[in-house]
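What follows is each chain in one-letter form.
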Amino acid sequence: MRRNTDIIQGLRDGIPIAMGYFAVAFSLGIIAKQAGLTAAIGFVSSFFTRASAGEFGVYTLVAAQAAYVEIVAMCLVVNLRYMLMSAALSQKIEPGTSLLHRLLMACCVTDEVFGISIAHKGYCPPAYTYSAALISTLLWASGCAAGIVAGGMLPADIVAALSVALYGMFLAIIMPHAREDRYVLYAVTASFVMSGACSIAPVVSEWSGGTRTIVLTIVISAVAAWLKPIKTEEEAHG
């Protein structure tokens, strides 16, 4: 059955993501331990959040005994980029897919799961995204719980170095498409350059990382769509 094939492929593509997630979540677990979270609470919070910047902010605010409204507001601002990713992913879902599947796929979105879902040939079946998200989420939550148990036994520099693998994995997702399409390469290069520039530019550097990501995504994608629009199937055939 095609569904079984999609599940197997999703699990296969999700394993490298899961391995990178475990290393990053481990360092978050150490921060969560310092905030007073137990391994069980860390596992549950990571299972339903799956956002490194968002969780880091949450655990920091928890340690500072911030109000609930502050924690919710911070998560909303930092993770706004996922709204854009969900909107983009909706264009890869086969017409006729139920609203429930669309909502659940949006809940599965992370940077890396979004990357492999968008890169999927043709329409992205829900089973593929679900299975990739499941395996990566389990290791993400497990990594956080393991970090809490470790409680800072490892030096922080060693744990931080492990997170480099996650960025290398994300590059492995986007670079093959950049080699196939030079316009994708131009967009990727522009995103790297502008992201670095905005991180040190006056005023803009004071924005949150999530806000900068949203603005850059809209600007770069709009310019790319204007310069090199993708033709629909009807336009391609005249």
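Above this note sits the structure.
A quick note: this is a predicted structure, and the numbers were derived from the prediction, not measured. (Residues numbered from 1 in each chain as written. Predicted model: local features only at pLDDT ≥ 70, side-chain atom pairs only at ≥ 80, totals over all residues. Heavy atoms only, no water.)

Notes on the environment of Lys-92
At step 1: Its location among the elements puts Lys-92 in the loop between α5 (81-89) and α6 (99-107).
At step 2: For Lys-92, a relative accessible area of 16% translates into the label buried.
At step 3: Each C-alpha atom of the pair Lys-92 and Pro-125 lies 8.6 Å from the other, and the pair is 33 residues apart in sequence.
At step 4: The contacts of Lys-92, once residues within four sequence positions are left out, are Ser-117, Ile-118, His-120, Lys-121, Gly-122, Tyr-123 and Cys-124. (Helix = DSSP H or I, 4+ residues; strand = E, 2+ residues; numbered from the N terminus. Buried < 20%, exposed > 50% of the residue type's maximum accessible area, 1.4 Å probe, protein only. Contact = heavy atoms within 4.5 Å.)

Some points on the pattern of salt bridges
At step 1: According to the stated counting rule, one finds 3 salt bridges in the structure shown.
At step 2: As a salt-bridge pair, Asp-13 and Arg-12 come within 3.4 Å of each other at their nearest N and O atoms.
At step 3: For Arg-12, a relative accessible area of 53% puts it in the exposed group.
At step 4: Taking the shortest distance from any N to any O, the salt bridge between Asp-111 and Arg-81 comes out at 3.3 Å. (Salt bridge = Lys/Arg side-chain N within 4 Å of Asp/Glu carboxyl O.)

Here's the deal with α5
At step 1: Restricting attention to buried positions, one finds in α5 the residues Arg-81, Tyr-82, Met-85 and Leu-89. On an axial view of α5, the arc spanned by its buried residues comes to 95 degrees, and they lie on one face. (Arc of directions from axis to C-beta.)

Considerations on the environment of Leu-171
At step 1: Relative to the assigned elements, Leu-171 resides in helix α10 (residues 164-180).
At step 2: Along the backbone, Leu-171 and Gly-115 are 56 residues apart, and their C-alpha atoms lie at a distance of 9.9 Å.
At step 3: Here Leu-171 is in contact with Pro-176 and Phe-192, once residues within four sequence places are set aside.

Focus: unusual backbone geometry
Apart from glycine, the bulk of residues carry a negative phi angle, and the bulk of peptide bonds sit in the trans form.
At step 1: Within the chain, Arg-50 stands out as a residue other than glycine whose phi angle is a positive 55 degrees.
At step 2: Mapped onto the secondary structure, Arg-50 falls in the loop between α2 (39-49) and α3 (52-63).
At step 3: Even without being a glycine, Val-203 presents a positive backbone phi close to 70 degrees.
At step 4: Looking at the secondary structure, you find Val-203 in the loop between α11 (182-198) and α12 (209-227).

With respect to a nonpolar patch on the surface
At step 1: A cluster of nonpolar side chains, contributed by Met-194, Val-203, Trp-207, Val-215, Val-219, Val-223, Trp-226 and Leu-227, occupies part of the molecular surface with about 780 Å² of accessible area.
At step 2: Element by element, the count of residues in the nonpolar patch is highest for α12, at 5 residues. (Patch = residues over 30% accessible without salt bridge, like charges linked within 9 Å, V, L, I, M, F, W, Y side chains within 5 Å. Areas by Shrake-Rupley, 256 points an atom, 1.4 Å probe, with all protein chains shown as cover.)

Section: the packing of aromatic side chains
At step 1: Scanning the model with the defined rule gives 5 aromatic pairs in all.
At step 2: Between the aromatic rings of Phe-43 and Phe-47, the centroid separation amounts to 6.2 Å while the plane-to-plane angle is 20 degrees, which identifies the pairing as stacked. Of this pair, Phe-43 and Phe-47 both sit in helix α2, 4 residues apart, which is roughly one turn of the helix.
At step 3: Assessed through its relative accessible area of 30%, Phe-43 is described here as partly exposed.
At step 4: Under the relative-accessibility criterion, Phe-47 is labelled partly exposed at 24%.
At step 5: Measuring from ring centre to ring centre gives 5.3 Å for Phe-47 and Phe-48, while their planes differ by 75 degrees; the resulting arrangement is edge-to-face.
At step 6: Overall, the relative accessible area of 65% leaves Phe-48 in the exposed class.
At step 7: Ring-pair connections join several aromatic residues into one group, and the members of that group are Phe-43, Phe-47 and Phe-48. (Phe/Tyr/Trp six-rings, centres within 6.5 Å; stacked < 30°, edge-to-face > 60°.)

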